[in-house]
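Coordinates in review
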Amino acid sequence: ITPENFLHWDAEHYDFIRKYGYQDFRVAFFPLFPLLWKLLPIAGIGISLVNALIFLTSFYFLITSYKVKSIESILYLTIPSFIFFYLPYSESLFFLCSVLILVGLKENKSHLVYFGLFLSILSRPAFTVFIPAFIVTELLHSSSTLKTYVRIGMYLIIAAVGLLMVGAIQF
């Protein structure tokens, strides 16, 4: 196994961004993962190990917070598409961000939700599903109070700031 074996498909683009910055069509790739990789001067194998550590740690916090049974946890870990958490892709970071959001919601810790949302915006364009989900959840979960609208406003502000930051980094 050589480091180059890990740099195919999207991993090749992330590696390019971390070395040379954004050019041409690579703006499709959000900046959190290439920035993390740039901070860690390691090859594809090394960042794959970091991704595995990020995923497994996040998974542990998720199953601990939600009190998932051991057998269920093991079954979840056998999902074939989980292989992407162990490659030089942004999936592990996005999973970590999503876990922060879920744990923050469960434990009623807004700062974790906001931080997870902000990082998810920097990691993948898939964050866009969170915004309508948060708004609908807030409106259905609680009565229409000022606090509800403040939280919705915070989600929208965080999304706007995160997107502006992504654009600035990519520019």
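Residues numbered from 1 in each chain as written. Predicted model: local features only at pLDDT ≥ 70, side-chain atom pairs only at ≥ 80, totals over all residues. Heavy atoms only, no water.

Take the pattern of salt bridges next. The tally for this structure, following the rule as stated, stands at 3 salt bridges. Here Glu138 makes a salt bridge to Arg151, at a shortest N to O gap of 2.8 Å. Taken together, the positions of Glu138 in helix H7 (residues 130-141) and Arg151 in helix H8 (residues 146-170) put the pair 13 residues apart, joining distant regions of the chain. (Salt bridge = Lys/Arg side-chain N within 4 Å of Asp/Glu carboxyl O. Helix = DSSP H or I, 4+ residues; strand = E, 2+ residues; numbered from the N terminus.)

Attention now goes to the nonpolar core. Counting 39 residues, the largest nonpolar core has Phe95, Leu117, Ile121, Phe127, Phe130 and Phe134 as the members making the most contacts within it. Elements represented by at least two residues in this core include exactly helix H1 (10-20), helix H2 (32-39), helix H3 (44-65), helix H5 (91-106), helix H6 (110-123), H7 and H8. With 8 residues, the top contributor of residues to this core is H5. Excluding residues that lie within four positions of it along the chain, Phe134 makes contacts with Ile101, Leu105, Val113, Leu117 and Tyr155. (Core = buried A, V, L, I, M, F, W, Y, C linked by side-chain atoms within 4.5 Å. Buried < 20%, exposed > 50% of the residue type's maximum accessible area, 1.4 Å probe, protein only. Contact = heavy atoms within 4.5 Å.)

Moving on to the layout of surface pockets. The calculated volume of the largest pocket comes to roughly 300 Å³. At the level of elements, H5, H6, H7 and H8 are the ones that each hand at least two residues to the lining of the largest pocket. In terms of residue count, H8 provides more of the lining of the largest pocket than any other element does, 4 residues in total. When the residues that make up the lining of the largest pocket are grouped by side-chain class, the tally is 5 nonpolar, 6 polar and 4 charged. (1 Å grid on protein atoms, 1.4 Å probe; cavity = no way out; pocket = protein on both sides within 12 Å on 5 of 7 lines; lining within 4 Å. Points joined across faces, edges and corners; volume = space filled by probe spheres on them. Nonpolar A, V, L, I, M, F, W, Y, C, P; charged D, E, K, R; others polar.)

Inspection of the entire model under this criterion finds 14 aromatic pairs. Ring centres of Phe85 and Phe95 lie 5.2 Å apart, and the angle between their planes is 55°; on these two criteria the pair is classed as tilted. One end of the pair, Phe85, is in the loop between helix H4 (70-77) and H5; the other, Phe95, is in helix H5, with 10 residues separating them in the sequence. Under the relative-accessibility criterion, Phe85 is labelled buried at 11%. One aromatic cluster is present, built from ring pairs that chain together Phe55, Phe59, Phe82, Phe85, Tyr86 and Phe95. Directly above the aromatic system of Tyr66 lies the positively charged group of Lys106, at a separation of 5.6 Å from the ring centroid. (Phe/Tyr/Trp six-rings, centres within 6.5 Å; stacked < 30°, edge-to-face > 60°. Lys NZ or Arg CZ within 6 Å of the ring centre and 35° of its normal.)

Attention now moves to H7. Counted at 1.5 Å a residue, the expected span for H7 with its 12 residues is 16 Å, and the 16 Å between its end C-alpha atoms agrees. Among all positions of H7, only Phe130, Ile131, Phe134 and Glu138 are buried. Projected down its long axis, H7 shows its buried positions confined to an angular sector of 100°, all on one face. Buried residues along H7 sit in contact with H5, H6 and H8. (Expected span 1.5 Å × (residues − 1). Arc of directions from axis to C-beta.)

What follows covers the packing of H5 against H6. Between H5 and H6, the least distance of the axes is 8 Å, while the angle of their chain directions is 160°. With respect to H6, the axis of H5 lies roughly antiparallel. Relative to H6, the crossing made by H5 is left-handed. Across the interface between the two elements, Phe94, Cys97, Leu100, Ile101, Val103, Gly104 and Leu105 from H5 touch Leu112, Val113, Phe115, Gly116, Leu117, Leu119, Ser120 and Ser123 from H6. (Axes fitted to C-alpha atoms, helices over the stretch in contact; angles between N-to-C directions. Parallel < 35°, antiparallel > 145°, perpendicular 65-115°, else oblique. Left-handed = near helix turned anticlockwise from the far one by under 90°.)

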